[in-house]
Amino acid sequence: MLKTIFGTGIYGLFGWMAVVFFLGCSGIGNSNGEGEDAGGDTDTDTDADTDTDADMDTDTDIDTDTDTDTDTDMDTDTDTDTDTDMDTDTDSDVDWVFIPADMFWMGTPEAEPGHYSDEALHYVSLTHAFEMRATEVTQGEFEAVIGWNPSFYAACGADCPVESVSWYDSLAYAYRLSEDAGLPPCISMFAVECDDDTAVETDFMACMNETRGGIKSAGLLLNGVTSPYHCSGYRLPTESEWEYAARAGSLTPFYPSDGNDGTINPDGSNPDSNLDQIAWYTSNNSPLGLKPVAGKDPNALGLFDMLGNVYEWVWDSHYHWYPPGDVGSPAENPWGANPLISQNREVRGGHFGSNAVDCRVGNRDFATAGLSASHRGFRLVRTMSSDIDVDTDADADTDADTDTDADTDGDADWVLVTSGEFWMGTPDGSCPGDYPGGVDCASEPGREGDERLHYVSLTNDFEIMATEVQQGYFETITGYNPSAHSNCGADCPVDGISWYDALSFANILSAAAEWTPCFSFAAVECRDGASTGTDYMGCMDATARGIKSATVSFNGVSTPYECPGYRLPTESEWEYAARAGNLSAFHQSDGNDGSITYTDSLYLDPNLNQIAWYASNNHPPGIKSTARKDPNGFGLFDMSGSLWEWTLESPGTYPGGDTTSPAVDPWNEDSLDAIYHEVRGGSYSTAPDSCRSGNREFATATSATSSVGFRLVRSIK
């Protein structure tokens, strides 16, 4: 089945909508109603943690290194640009981990030791990527932003998680961090009452000091959005985001790490050797109390202390039963949206005094929103989907590109690709006898049904841009830069380009080179609504913002291969150039055989890391300057990852073709009239399987998004 890159996760503009609720103060309890830590954790402390052990942190053998950028981050590439702390952050040492949208199994199987009835296994779809703090918010970070440290275990130090914060206090911290970053805060409060009973109306920050002790109760408004997923500022994770991030692709009770397979003792007993590696909990935590962050193994995403140390507040109000969801109809972007009938908020992950069963990833507990305790803290997230947030952290990496000739002064570099024959598509496990490897060839991981293996003959040499069209080059030629990622710089690929814009740019270059442009335009409508007839250039400026729609035809030729000027590549030209003679999933480079190890965006693929920017190694998220990864055998950069690239063709079934009668110069003749057009190569936010040379996706020709760019070709006769 053909796939569109815009099938999910893209939302329109949202009107102002308030979600109002009031929360009082009461006790805390486990989601199953048996009391917090009902699985046997004897720490029944409901407010002021009665552990009076004066030596709060004498465990000198734990790693107190606060530079948590050990999270393989997930870029293991030798390019040492590890600028993972966002420009927007007020603390210079805060690391964030990009987490792509995906589906996952939430909850636990009934046979899991410690399973509660409120952990029903169900399928969840999260349609927005998000970034999450690599560690719980520390006392030093909280005090730097708020000016006050409320922690009971203050003697533990600045590198320990902040605790003794109410749910409202964590929202106040997120509000202030968003303001400092120039992002719209997610919430506002009214009818606010401080912990010392002072009423401050809407001035909730007036509670955030030692005298008033934080926020005890308030009404809450979501600022102009309908759910927390649509906030552009910092916030608490929803319960499903928290569990998705904690699992990092695992289905086991604990998340795996080196030498730890994530399983739990069959009887759920303490101590648990696997949990020992990843968490501070009752059996390995002497003296009992808080420990500095990042002292145990992280999960596969590079997140520390998702289990143990302190419970973590999440956004959701407490609800006993998960929404239904299965593979056919997963629960999409769920969140506990019944605040008017609940005084309680979910907390996740267990804490330093919890038993092993209560530190399971799927374990659920809750506490009253207005109460604080010395075993509860938090970490923040921020939605990163392009329709919600245009990457405000322009990659400030100034790492000089030592291996590219790509210029920013308007002179693009071109690579000559000679004509030839090749196998297009991907093997499905049953291949033609003359295919290398024969009929028993293995199916390519991540393969889709529209990638039928067939033989193609391209009879024309062509030249192709060594890199995607750069912002500086595009602006030099057209006089404007449409990119959502314009802060990335002149040597970053241009994005925000419709299919029509790419054809227009090709025509402009052709005319400048005194070649006949390939395309004629009629019925042109600009993105600002203006109609310009045949004058496509009338749309190519900062006011009109490009071409929204048009009628396109060839200019004096019948196929693209006959055009004398610049154009988009056909789909077969693109794949031929991307493969550079390889039959592997990715193009090969030094030390990289092109094979695919992981299809899921939760994992780093070692070969893809060398050649592409994609979801798992792209921190901070967003586009990167061109030609910083290994080129393919033709000298072409970023054919995988970076940005999807427009091709000339509309989607369709591949034509027939084998070695005795190959498909010669194939192309879909209906393409110029089509609504949809193929995009190839994956992007900075996609999983490894989307970056395969044979992967096919499509997008609406009128769309101009931050994840799609282009490069041009020209037939050489």
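As the structure is a prediction and not an experimental result, all values here were calculated from the model.

**A look at the overall build of the protein chain**
Right, so step 1: Counting its secondary structure elements, the protein chain contains 8 helices and 27 strands.
Right, so step 2: Here the protein chain holds 717 residues, and the buried ones make up 61% of them.
Right, so step 3: Residue pairs in contact within the protein chain that sit at least 24 positions apart in sequence constitute 74% of those at least 6 positions apart.
Right, so step 4: Taken as a whole, the protein chain presents about 24,400 Å² of accessible surface, with 49% of it coming from carbon and sulfur.

**Let's talk about helix α3 (residues 239-247)**
In an α-helix there are 3.6 residues to a turn, and that puts residues three or four apart on one side.
Right, so step 1: Most of α3 sits inside the fold, with 9 of its 9 residues counted as buried.
Right, so step 2: Three or more residues of α3 are buried, namely Glu239, Ser240, Glu241, Trp242, Glu243, Tyr244, Ala245, Ala246 and Arg247.
Right, so step 3: With its phi angle positive at about 50°, alanine 248 sits one or two positions after the end of α3.

**Structural notes on the pattern of salt bridges**
Right, so step 1: Counting across every chain of the model gives 25 salt bridges.
Right, so step 2: Among the ionic pairs, arginine 133 bridges to glutamate 141, the shortest N-O distance being 2.6 Å.
Right, so step 3: Relative accessible area serves as the criterion here: at 11%, glutamate 141 is assigned to the buried category.
Right, so step 4: When the shortest N-O distance is used, the salt bridge between arginine 348 and glutamate 243 registers 2.7 Å. Within this pair, whereas arginine 348 is found in strand β11 (residues 344-348), its partner glutamate 243 is found in helix α3, the two being separated by 105 residues in sequence.
Right, so step 5: Given the relative accessible area of 0%, arginine 348 is considered buried.

**Considerations on the environment of phenylalanine 586**
Right, so step 1: Take phenylalanine 586: it is sitting in the loop between α7 (571-579) and α8 (606-611).
Right, so step 2: Sequence separation of phenylalanine 586 and arginine 692 is 106 residues, and the distance between their C-alpha atoms is 5.3 Å.
Right, so step 3: Non-local contacts of phenylalanine 586, meaning those with residues more than four positions away in its chain, are made with Gly594, Ser595, Ile596, Asp605, Asn607, Leu608, Ile611, Pro688, Cys691, Arg692 and Ser693.

**Quick look at the packing of helix α5 (residues 471-478) against helix α6 (residues 499-512)**
Right, so step 1: With their axes 11 Å apart at the nearest point, α5 and α6 run at an angle of 65° to one another. Crossing of α5 over α6 shows left-handed handedness. Residue-level contacts link Tyr473, Phe474, Ile477 and Thr478 of α5 to Phe505, Ile508 and Leu509 of α6.
Right, so step 2: Of the residues assigned to the contact of α5 with α6, the class counts are 6 nonpolar, 1 polar and no charged.

**A word on the sheet that holds strand β20 (residues 531-533)**
Right, so step 1: Ordered by their spatial adjacency, 3 strands build an open sheet running β20-β19-β21, and the pairing between neighbours is antiparallel. Every other strand in the sheet has two partners, leaving β20 and β21 (547-554) as the edge strands with one partner each. When strand polarity is set aside, the average angle formed by the axes of neighbouring strands in this sheet is 20°.
Right, so step 2: With 2 bridges connecting them, strand β19 (residues 519-526) and β20 associate as antiparallel partners. Bridge pairing links glutamate 525 to serine 531 in β20.
Right, so step 3: Sheet contacts for α6: β19 and β21; angle to β21, the most-contacted strand, approximately 55°.

What counts and how
Residues numbered from 1 in each chain as written. Predicted model: local features only at pLDDT ≥ 70, side-chain atom pairs only at ≥ 80, totals over all residues. Heavy atoms only, no water. Helix = DSSP H or I, 4+ residues; strand = E, 2+ residues; numbered from the N terminus. Buried < 20%, exposed > 50% of the residue type's maximum accessible area, 1.4 Å probe, protein only. Contact = heavy atoms within 4.5 Å. Areas by Shrake-Rupley, 256 points an atom, 1.4 Å probe, with all protein chains shown as cover. Salt bridge = Lys/Arg side-chain N within 4 Å of Asp/Glu carboxyl O. Axes fitted to C-alpha atoms, helices over the stretch in contact; angles between N-to-C directions. Left-handed = near helix turned anticlockwise from the far one by under 90°. Nonpolar A, V, L, I, M, F, W, Y, C, P; charged D, E, K, R; others polar. Pairing = 2+ DSSP bridges.

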